[in-house]
Structure formats: C-alpha cells, structure tokens
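Reading the structure
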Amino acid sequence: EILENLIYDEAAGDLRYRDIRYFLIRPETFCELQKRVEAALGREAAAEVFVQGGMTGGVLSGQAYKEKLGLSDAEAFAFMARMGALIGWGKITLRELDLEGKRLVVEVENSAFVAGYGPSDVPVCHTLRGVFHGLATALFGRPVVSQETLCAAKGDSHCRIEIHEEL
C-alpha cells in the first residue's frame, strides 16, 4: 500500500507519499555526513544533532499520518514501523507499545544506518532513534527520553531503541 502510493513527478523531480515529500539517499552518503559531523562536534554532540533531525520528521509524520490516514495512536506507530521498513531503513519491529505507560520499544534488524556506517564502539542509529522519539513525543503528548540500548554496529544481533516518558 505504501509503495503503491508513492508518486514521482518526473518534471519536478519530486517523490511523495500522500503529499508528503521524501527523497532517496544511499546509506553510505548519509553516514559519511554523520561521521564528518562527529569529527567536527564530537560523538555525543553529533548524536544529538541527528536525533533532533530525526525528531522533526517523527513529529511531522505522526501528525500528518494521523490526520491524513485517520490512524489511532497505536496504528500510527505500526504504520511508521512499516513505512520505515518499506523505504529501506531495515526490518523495524514494535516490541513494546504501552500508550498509557508512555513506553515504546523498537527493534531493527538490518539497519541501513549500520550498513552505511560500518563497525563502531557506540550506537549509530541516531536519526532512526530521533524519528521514533519525535513520533512518541507527538503521540504520547509528553516529553520523552530515548536511548539506543543495542546496536548491530557494535556487534549486537540487532538495534534496539527504548523510549519512555521523561520523569
């Protein structure tokens, strides 16, 4: 359904899903940018930059998909996981979604961010974490904190992002 509704306007060089613009980029291109920002700012500051960027997309997507598709909060989380997988970010699975307790756990196999970044001694899926952080902020209606507790770039079997209400 998602791929069938992507619309490419050749004359404008524009790719959209439900009137929301997207663009394709190689993981290596994106991750080289991430590495250069890390070199310039340091790893922690760079991670925050990419989380914040992802948050913008997560907030906007969560709001747009609820409005345009009429999704419930739970459906919006599931939709974003499917959308992420269909646009090549990896196999994204919602492991836990507790709307009342304001908790979300997302696992990713075959992360495009890991594939583009390569081996690392720290997690590297900052933008993906940011997208789900932003989505959770928008749908929970409260500030949240997020952490990538497992990352395949570090040698873990998969990536795991844990999000909960800010206490």
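Above: the structure in question.
Figured I'd write up the structure that's included with this text. Just so it is clear, the structure is predicted and the values come from calculations on it, not from any experiment. Residue positions within a chain follow its written sequence, with the count starting from 1. Local features in this predicted model are restricted to residues whose pLDDT is 70 or higher, and side-chain atom pairs enter the listing and the counts only when it is 80 or higher, whereas totals over whole chains, interfaces and linings include all residues. Side-chain metrics in this entry use all non-hydrogen atoms of the structure; hydrogen atoms and water are not considered.

In this section: the sheet that holds strand 7 (residues 159–165). Spatial ordering of the open sheet is given by 4-5-7-6, a layout of four strands whose pairing is antiparallel. The open sheet is flanked by strand 4 (91–98) and strand 6 (144–150), the only strands paired with a single partner. Sheet twist, expressed as the mean angle between neighbouring strand axes with direction ignored, is 15 degrees. Alignment of strand 4 against strand 5 (residues 103–109), held across seven bridges, turns out to be antiparallel. Residue Leu 94 lies in a different strand from strand 5, and its bridge partner there is Val 106. Contact criterion: two residues are considered in contact whenever any of their non-hydrogen atoms come within 4.5 Å of each other. What counts as an axis is a line fitted to C-alpha atoms, over the stretch in contact for a helix, and the angles between N-to-C directions run from 0 to 180 degrees. Note on conventions: DSSP H or I runs of at least 4 residues are helices, E runs of at least 2 residues are strands, and numbering of each starts at the N terminus. Seen against the sheet, helix 3 (residues 73–86) touches strand 4 and strand 5 and runs at an angle of roughly 165 degrees to strand 4. In the packing of helix 5 (residues 126–140) onto the sheet, contacts are made with strand 4, strand 5, strand 6 and strand 7, and the angle to strand 6 comes to roughly 145 degrees. Pairing between two strands is assigned when DSSP locates at least 2 bridges connecting them.

The next point concerns the packing of aromatic side chains. Note on aromatic contacts: the rings of Phe and Tyr and the six-membered ring of Trp form a pair at centre separations within 6.5 Å, being stacked when their planes are under 30 degrees apart, edge-to-face when over 60 apart, and tilted otherwise. Taken as a whole, this structure holds seven aromatic pairs when the rule is applied. A ring pair is formed by Trp 89 and Phe 113, whose centres lie 5.2 Å apart and whose planes are at 85 degrees; its orientation type is edge-to-face. Of this pair, Trp 89 sits in the loop between helix 3 and strand 4 while Phe 113 sits in helix 4 (residues 112–117); the two residues are 24 residues apart in sequence, bridging distant segments of the chain. Note on Phe 113: relative accessible area 7%, which makes it buried. A network of ring pairs unites the aromatic residues Phe 30, Phe 50, Trp 89 and Phe 113 as a single cluster. Here, over-ring charges are defined by two tests on the NZ atom of lysine or the CZ atom of arginine: distance to the ring centre within 6 Å, and angle to the ring normal within 35 degrees. Sitting over the ring of Tyr 117, Lys 35 keeps its end group 4.8 Å from the ring centre. Classification of residues uses two cut-offs on accessible area relative to the type maximum, computed with a 1.4 Å probe and protein chains only: under 20% is buried, over 50% is exposed, and between them is partly exposed.

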